[in-house]
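Summary of structural features
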Amino acid sequence: MSLDKQNWGTRLGVILAVSGSAVGLGNFLRFPGQAAQNGGGAFMIPYFVALLLVGIPIGWAEWTMGRYGGRKGLHSAPAILGAVGKGRVWRYLGVIGVLIPLAVSFYYTYVESWCLGYFWSYLTGSIQIPAGAPIGEQTAAATSFYENMTGKAEHGVITGGSLNTFIFWVLAFVVNIWLVFRGISKGIEKFCSFAMPVMAICAIVVLARVLTLGTPDPSQPEQNVLNGLGFMWNPDFDALSNPQTWLAAAGQIFFSLSVGFGVIINYASYIRRKDDVVLSGLTASATNELFEVGFGGMITLTAAFVFLGASNMAGAVAGGAFGLGFQTLPVVFAHMGSFGNIIGAIWFLMLFLAAITSSISMYQPALAFFQESLGWTRQQATKLMVGICIVGSFLVMYFSKGGVFQGTIDDWVGTFLIFILAMVQIICFSWVHGIDRGWDEMHEGAIMRAPSFYKIVMKFVAPLFLLVVFAAFCWNNLGTWVSNAVGDPLQLGALGLIAAVTALLVYCTSVGEKRWRAQGLDIDGQED
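What counts, and where the lines are drawn
In this numbering scheme, every chain counts its residues from 1 along its sequence in written order. Whole-chain, interface and lining totals are the exception, using all residues; otherwise, since this is a predicted model, local features are given only for residues with pLDDT of at least 70 and side-chain atom pairs are given and counted only at 80 or more. The basis for every side-chain value is the complete set of non-hydrogen atoms in the structure, without hydrogens or water. The secondary structure listing takes helices from DSSP runs of H or I that are at least 4 residues long and strands from runs of E that are at least 2 residues long, numbered from the N terminus. Between the two quantities, the radius of gyration covers C-alpha atoms and the globule rule is 2.2 Å times the number of residues to the power 0.38. Accessible area is worked out with a 1.4 Å probe on protein chains only. A residue is then buried under 20% of its type maximum, exposed over 50%, and partly exposed in between. By definition, residues are in contact when any of their heavy atoms lie within 4.5 Å. By the counting scheme adopted, Arg and Lys are positive, Glu and Asp are negative, and His together with the chain ends is not counted. A charged residue contributes its charge at one atom only: NZ of Lys, CZ of Arg, CG of Asp or CD of Glu. The definition of a nonpolar core used throughout is a set of buried Ala, Val, Leu, Ile, Met, Phe, Trp, Tyr and Cys residues joined through side-chain atoms within 4.5 Å. Any carboxyl oxygen of Asp or Glu within 4 Å of a side-chain nitrogen of Lys or Arg constitutes a salt bridge here. Between the rings of Phe, Tyr and Trp (Trp by its six-membered ring), a pair exists once the centres lie within 6.5 Å; its type follows the angle of the planes, with under 30 degrees stacked, over 60 edge-to-face, and the other angles tilted. Placement of a charge over a ring requires the Lys NZ or Arg CZ to be within 6 Å of the ring centre, with the centre-to-atom vector within 35 degrees of the ring normal. Working convention: axes come from line fits to C-alpha atoms, limited for helices to the stretch in contact. Angles between N-to-C directions cover 0 to 180 degrees. By the definition adopted for this analysis, an angle is roughly parallel if under 35 degrees, roughly antiparallel if over 145, roughly perpendicular if from 65 to 115, and oblique otherwise. Ten residues, namely Ala, Val, Leu, Ile, Met, Phe, Trp, Tyr, Cys and Pro, are considered nonpolar, four, namely Asp, Glu, Lys and Arg, are considered charged, and the remaining ones, Gly among them, are considered polar.

**Examining the overall build of the protein chain**
Scanning the protein chain from terminus to terminus reveals 21 helices and zero strands. Relative to the globule expectation of 24 Å for 528 residues, the C-alpha radius of gyration of the protein chain, 22 Å, shows essentially globular dimensions. With the C-alpha coordinates aligned to their principal axes, the bounding extent of the protein chain is approximately 75 × 50 × 45 Å. Here the protein chain, with 528 residues, has 61% of them falling under the buried criterion. Across the protein chain, every contact between residues at least 6 apart in sequence was considered, and the portion connecting residues at least 24 apart equals 83%. For the protein chain, the distance from the average position of its 27 positive side-chain charges to the average position of its 28 negative side-chain charges is 12 Å.

Listed below in structure tokens is the structure:
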């Protein structure tokens, strides 16, 4: 059965789409918390080291492998890695590149619906956080609103959360599927070309307001904008001796850039043979850094510091990414007076757009994989993907108490497997495919050339960096993760869901392998 031909309309379109997949909730919520917890300005040193030595080179490898596979008519991670790695082992390891975005979407779209719900609440003035109350009372109100919106207090999408939350999830899910079904150019590219500039405008508006706050409380003169910026940028060099700082920095780069996520390799398979990947990959990374460091960090940490101070900031950061974004910032907005609701609405609209540009990139790889492996039409593949996502998302929403179920998926898929896939991809590209051959492929049609020392980085430094980080993680954390999972039925249930989805993807890969051979496709990379 012939598949519909998909291509990006413009080079800017694919850059914005890849940037959109990277710019998400992690930029505005996770990054500020990681920076504050790991030495402030000192965190930025290993952060940029990881960006230069791991994030950018692995991103280039994904762009190159994706374009290489697309030239052979392959668009899914299993098919492309099988061709690049010249065999079945790499093909089945490529299943991880479909599993990660698909499984993460189970909870990501749910969190996306919270952003939509908060936006609506600020827009209608129903946020219910008293403006003139003490911070303790405001924090309690913000926490109560958050728990009711997200269902953290008890299980059940309706009883644990609210009917409104479920409605917002339905709206978010339908928008995602509609955009992905419309295709690469008419759906994803067109939406990202609209959403990314709007997000930038929203971020600039909020940042301008934050940077002009001055010293809102004269009785707390140390809580001013300059000290707020210093909270993020002033380095605590003692933190550099802590391995956790380096682990956190590398993890943030992976989480932020969508490296090792299975998205870039799919997106790049739709570009043309002579389309540049070096400058495009670098531009997408730079755009992500603008949103993460320039907007996310400077808005979130500065605003929270100015209104709450360093002591209250510690508690806010300890609450994690969601605590900082959904519980602390609403308290900050409540201190902005009548303008607070407007800033809150703009902020959560920006978060919703950032989330949706990321979530559509999670559905596309699975949709392409089902089309390619089963030989189905886009409509048939969409129905299968929607069925899987409804089951996965319903389980996340139903078992909502404490966020244990979604947290387990995030830990094992959104963290552990991302490191695995990143190692698989860079080793496959640099060692199996060959760094010389890969380097030539990477620069075909290139507008600019990558510095030659990146050949050494891609073959030796990046794989070694990943292996060291992964070994340290296994030594420090893996045993605890396993023991916690064994003793918790909810975690076992989440792992069972992951295993079931993996089994389905492996089966589809075996079916696809036979189909691709019958079609005469070069799935083992024997033809240049």
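**Some details on the nonpolar core**
Among the nonpolar cores identified, the biggest contains 184 residues, and W347, F370 and I409 are the most heavily contacted of them. The greatest single-element share of this core, amounting to 20 residues, is contributed by helix α16 (residues 340-374). Contact partners of I409, with chain neighbours within four places excluded, come to A103, Y107, V396, G414, A494, L497 and I498.

**What about the pattern of salt bridges?**
Applying the stated criterion across every chain yields a total of eleven salt bridges. Between R67 and E441 there is a salt bridge, with the nearest N and O atoms lying 3.8 Å from each other. Of the two residues, R67 is situated in helix α3 (residues 41-71) and E441 in helix α19 (residues 435-442); the sequence distance between them amounts to 374 residues. The pair R67 / E441 is uniform in exposure class, with both members buried. The partner of K274 in a salt bridge is E444, with the nearest N and O atoms 3.3 Å apart. In this pair, K274 is assigned in the loop between α13 (264-267) and α14 (278-318) and E444 in the loop between α19 and α20 (454-486), connecting sequence segments 170 residues apart. On the basis of relative accessible area, K274 is assigned to the exposed category, the value being 55%. Residue E444 is classed as buried on the basis of its relative accessible area, which comes to 15%. Beyond isolated ion pairs, a larger network of salt bridges with shared partners links R88, R91, E513, R517 and D524.

**What to know about the packing of aromatic side chains**
Tallied over the entire structure, the rule returns 34 aromatic pairs. Aromatic rings pair up to connect Y110, W114, Y118, Y122, F145, Y146, F326, F333 and F348 into one cluster. Between K459 and the ring centre of W431, over which it is positioned, the NZ or CZ distance is 4.6 Å.

**A closer look at the packing of helix α12 (residues 243-257) against helix α18 (residues 404-432)**
In contact at an axis separation of 11 Å, α12 and α18 are set at 95 degrees when each is read in the N-to-C sense. Taken together, α12 and α18 sit at an angle that is classed as roughly perpendicular. Residue-level contacts link G251, F254 and F255 of α12 to D410, G414, I418, F419 and A422 of α18. The residue inventory of the contact of α12 with α18, partitioned by class, reads five nonpolar, two polar and one charged.

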